[in-house]
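Single-letter residue listing:
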Amino acid sequence: MIIEVLQVMTVKDHPIPDLTNRPLYTELRLQENVRQTLQLMNGDVTSNSVETVSGVSARICDQGQWGFASLPEINDRSITQVLQEAGNNAAFLAHQQGGQSVRFPDQSFSVSKDFSSQQPAAPLEQKLAFLKTIDRYVQENCPGLESRIIRLHLETISKRVHTSTGSQGFTRIPRTILTVCLVTSNDQQEPVELLHIVSDCGDYQDVLTEPSSLYADIDKLYQQLLDKKEAVPASAGYKEVILDSELSGLLAHEAIGHPVEADLVLAGSVAAELQGEMVASPLVSMVDFAHSCDGKTLPVPVFIDDEGSKPEDAVLIDQGRLTSFMHNRYSAAQLKQPSSGNARAFKYFDEPLIRMRNTAILPGHDKLEAMIASIDDGYYLIKSNNGEADATAEFMFGITLGYEIKNGQLGRAIQDTTISGMAFDVLKTVTMVSDSLHWECSGYCGKKQDIPVACGGPAIKCKLHIGGE
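The name given to the chain in an unreviewed UniProt entry is TldD/PmbA family protein, with the source organism recorded as Endozoicomonas gorgoniicola.

Right under this line is the structure:
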C-alpha cells in the first residue's frame, strides 16, 4: 500500500523554476488575497465573511507584445502551464500584430518583507467583542441616532514575484480598516450621516488595541453629525476654501496622480506636455512614495513591484514644477526615463498596471488656525464620499462635511455639496499649506482593477468652484 503524503505549500515556500535562462522577458507571480469582513448594524451581526483567492500567473513579452496566463492553483503543474500559455499568447500576438523589440534593463533585485503580527492571531470572538464594545459606547453616548454601523475589514496580500532578469521577492502586507457610521435625521426627516474611518498597515491585533482609543474620535464624529443636522446650503460660486487633509489627499490621487501615470501620459493625458513646467504654486510638492517616509513605513508599502522592479519614490511635483511620471518597465523604456516600480496587480489573475502607492502633497509651515483666520468669506471642507477625475485633470468631488468661514471664524455646517475644477489650476491658487500630514488607506483605486492605495496630505488653502444655492 502506497501512502501519498500531501505537503501543503504556501506562496512563500513553493519551489520556483529558474527563469533566468529563458530567451524572452518573463515574469512569474504566486499570490494569495485573504479578506475578512465583520459588520454590526444596530448591534446585530449583519456580515461575517472570509474570502481567499489564490493562484499563479505568468507574463511574457515577445516583440513588444505581452502574453498573459493565470490558473487558480499553486503547484508545479500550474506553474509550468501558465508559463507555456503565456509564451503561446505572446507569440500569437507578436505574429498577428507584429511589434518592435523592447529591451528592458537587466535589473536584478531581491527582497523579503513580512508584516505579519508577532502576536497570536485574534480569534473571531475577540474581534466581535471589540466591535460590540464600540457599538455599546455609541449607543450609550450618541442619543437620537436612526442607525449605527460598525464595520471591520481585514485584508492580507501575499505575493511572490520572480523574473527572467533575476529579480525575486516575497511580501506579505496586511491592512486593517475600521468604519463607524452614524445616521440621524434633520427636521425635514431627511437622513443625515457621517463616517469615521481608521485604517493602517498591519494585522488587526497590531492596529486596533483598545476600543477606548476610539472614543474621542466617536465623540467628535457625533458632534459633527449634530452640526450637520442643522446644516445650511453652501453659497455656490468660485470660493476661497481650505481643503482638509482627506480632501487634499483625494485631489492628489484622483486629479493629479492619474494624469501623471505614464500609461495615461502615453495615451495623451494633459500632463504629457507639462513635464518641466510650473503646474502649481511653489508651495506645492507632491510625491508618490514607494513604502516609507521619514523612516516610517507607510500604509500601503510596496517593496517590490509586480514586474520585479525595485520601487523608488516618484517626485511628481517639486515646488510647483512637474518633474516626473510614474512608470513600469515598458513605459520607462518607451519614454527613456527611469522606472519607478509602479507596476501593481490586485489579484493573481490581474495583469500589472501602473498604479499609485502612497501619494501625498507634502506639508508646509502654516498652522490650520492661521489658515482659517486668513479667510473672510469661504469654507473649510473636511470629508468626502467620492471623487471623479479624468486625464484632463478635471475633477468633481462630493463633500459630506464642511463649515462656513466668516471673518476668520468657523461658522455653520454646510449641507452635502460638490466641488469641481481643473486640478492644476486649483493648485496654482494655493497660498497656504499646513504643517501636518495625515494618511489614510481605507479605499481602493478602480483603474481597470481594484488596488489598495494610500492618500495623504496637509490642509491647503486654495480657490475652486463649490456647488450650493
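Read on, since the account is not over.
Draft legend 1. Expanded view of the overall build of the chain. Helices and strands together make up the secondary structure of the chain, namely nine helices and 26 strands. In terms of C-alpha radius of gyration, the chain reaches 24 Å, essentially the compact-globule figure of 23 Å for 469 residues. In terms of overall dimensions, the chain has C-alpha extents of about 75 × 60 × 40 Å along its principal axes. Every one of the 469 residues in the chain was classed for burial, and the buried ones make up 53%. Within the chain, contacts between residues separated by at least 24 positions form 74% of all contacts whose residues are at least 6 apart in sequence. Counting every atom, the chain has about 21000 Å² of accessible surface; 48% of that belongs to carbon and sulfur. For the chain, the separation between the mean place of its 39 positive charges and that of its 61 negative charges on side chains is 3 Å.

Draft legend 2. Local environment of empty space enclosed by the protein. The full count for this structure, using the stated rule, is two cavities of 30 Å³ or more. Approximately 290 Å³ is the volume attributed to the largest cavity. Among the elements that line the lining of the largest cavity, the one with the most residues is strand 5 (residues 147–163), at five residues. Its residues placed into classes, the lining of the largest cavity shows 14 nonpolar, two polar and six charged. In this structure, the second largest cavity spans a volume of roughly 50 Å³. Breaking the lining of the second largest cavity down by element, the ones donating at least two residues are strand 1 (25–41) and strand 2 (44–62). The class makeup of the residues in the lining of the second largest cavity is four nonpolar, one polar and four charged.

Draft legend 3. A look at the packing of helix 2 (residues 124–141) against helix 4 (residues 215–229). Here helix 2 crosses helix 4 at 40 degrees, and the two axes come no closer than 11 Å. As far as their axial angle goes, helix 4 and helix 2 are oblique. The two elements helix 2 and helix 4 meet at a crossing, and its hand is right-handed. Taking contact as the criterion, the partners of Thr 133, Ile 134, Tyr 137, Val 138 and Asn 141 in helix 2 are, on helix 4, Tyr 215, Ile 218, Asp 219 and Tyr 222. A breakdown of the residues in the contact of helix 2 with helix 4 according to their chemical character gives six nonpolar, two polar and one charged.

Draft legend 4. Geometry of the state of the cysteines. Inspection of every chain in the model, using the stated rule, returns zero disulfides. There is no disulfide at Cys 445, and the cysteine sulfur nearest it, in Cys 455, is 8.5 Å away. Residue classification places Cys 445 among the buried positions, given a relative accessible area of 5%.

Draft legend 5. Looking closely at helix 5 (residues 245–257). End to end, helix 5 covers just 16 Å across 13 residues, shorter than the expected 18 Å (1.5 Å per residue, more than 12% under). Here helix 5 lies mainly inside the structure; twelve of its 13 residues are buried. Turning to helix 5, its buried residues number three or more, namely Ser 245, Leu 247, Ser 248, Gly 249, Leu 250, Leu 251, Ala 252, His 253, Glu 254, Ala 255, Ile 256 and Gly 257.

Draft legend 6. A look at the UniProt feature "domain: Metalloprotease TldD/E C-terminal" (unreviewed entry) in the chain. Residues given the UniProt feature "domain: Metalloprotease TldD/E C-terminal" (unreviewed entry) here are residues 240–463. Annotated as residues 240–463, this span is 17% helix and 36% strand, and its ends, taken at the C-alpha atoms, are 4 Å apart.

Draft legend 7. Structural detail: the sheet that holds strand 12 (residues 314–318). Ordered in space as 13-12-9-16-25-22, the six strands form an open sheet in which the pairing is mixed. Strands with a single pairing partner mark the edges of an open sheet, and in this sheet they are strand 13 (321–322) and strand 22 (438–440). Sheet analysis places strand 9 (residues 286–289) next to strand 16 (residues 358–361), joined by four bridges and oriented antiparallel. Paired with Val 287 across the two strands is Ala 360, which belongs to strand 16. The strands touched by helix 5 within the sheet are strand 9, strand 12, strand 16, strand 22 and strand 25 (454–457), with strand 25 carrying the most contacts at an inclination of about 120 degrees.

Draft legend 8. Expanded view of the environment of His 196. Residue placement: His 196 occurs in strand 7 (residues 191–201). Under the relative-accessibility criterion, His 196 is labelled buried at 19%. When the C-alpha positions of His 196 and Cys 181 are compared, they lie 6.6 Å apart, and in sequence the two are 15 residues distant. Residues in contact with His 196, not counting those within four places in the same chain, are Leu 178, Thr 179, Val 180, Asp 217, Leu 221 and Lys 383. Within the structure, His 196 has its side chain in polar contact with the side chain of Asp 217 (distance 3.3 Å).

The rules we used
- Residues numbered from 1 in each chain as written.
- Predicted model: local features only at pLDDT ≥ 70, side-chain atom pairs only at ≥ 80, totals over all residues.
- Heavy atoms only, no water.
- Helix = DSSP H or I, 4+ residues; strand = E, 2+ residues; numbered from the N terminus.
- Rg over C-alpha atoms; globule rule 2.2 N^0.38 Å.
- Buried < 20%, exposed > 50% of the residue type's maximum accessible area, 1.4 Å probe, protein only.
- Contact = heavy atoms within 4.5 Å.
- Areas by Shrake-Rupley, 256 points an atom, 1.4 Å probe, with all protein chains shown as cover.
- Lys, Arg positive; Asp, Glu negative; His and termini not counted.
- Charge placed at Lys NZ, Arg CZ, Asp CG, Glu CD.
- 1 Å grid on protein atoms, 1.4 Å probe; cavity = no way out; pocket = protein on both sides within 12 Å on 5 of 7 lines; lining within 4 Å.
- Points joined across faces, edges and corners; volume = space filled by probe spheres on them.
- Nonpolar A, V, L, I, M, F, W, Y, C, P; charged D, E, K, R; others polar.
- Axes fitted to C-alpha atoms, helices over the stretch in contact; angles between N-to-C directions.
- Parallel < 35°, antiparallel > 145°, perpendicular 65-115°, else oblique.
- Left-handed = near helix turned anticlockwise from the far one by under 90°.
- Disulfide = S-S within 2.5 Å.
- Expected span 1.5 Å × (residues − 1).
- UniProt positions renumbered as here; feature names shortened; annotations may be inferred.
- Pairing = 2+ DSSP bridges.
- Polar contact = N/O pair within 3.5 Å; in protein donor to acceptor, adjacent residues only side chain to side chain.

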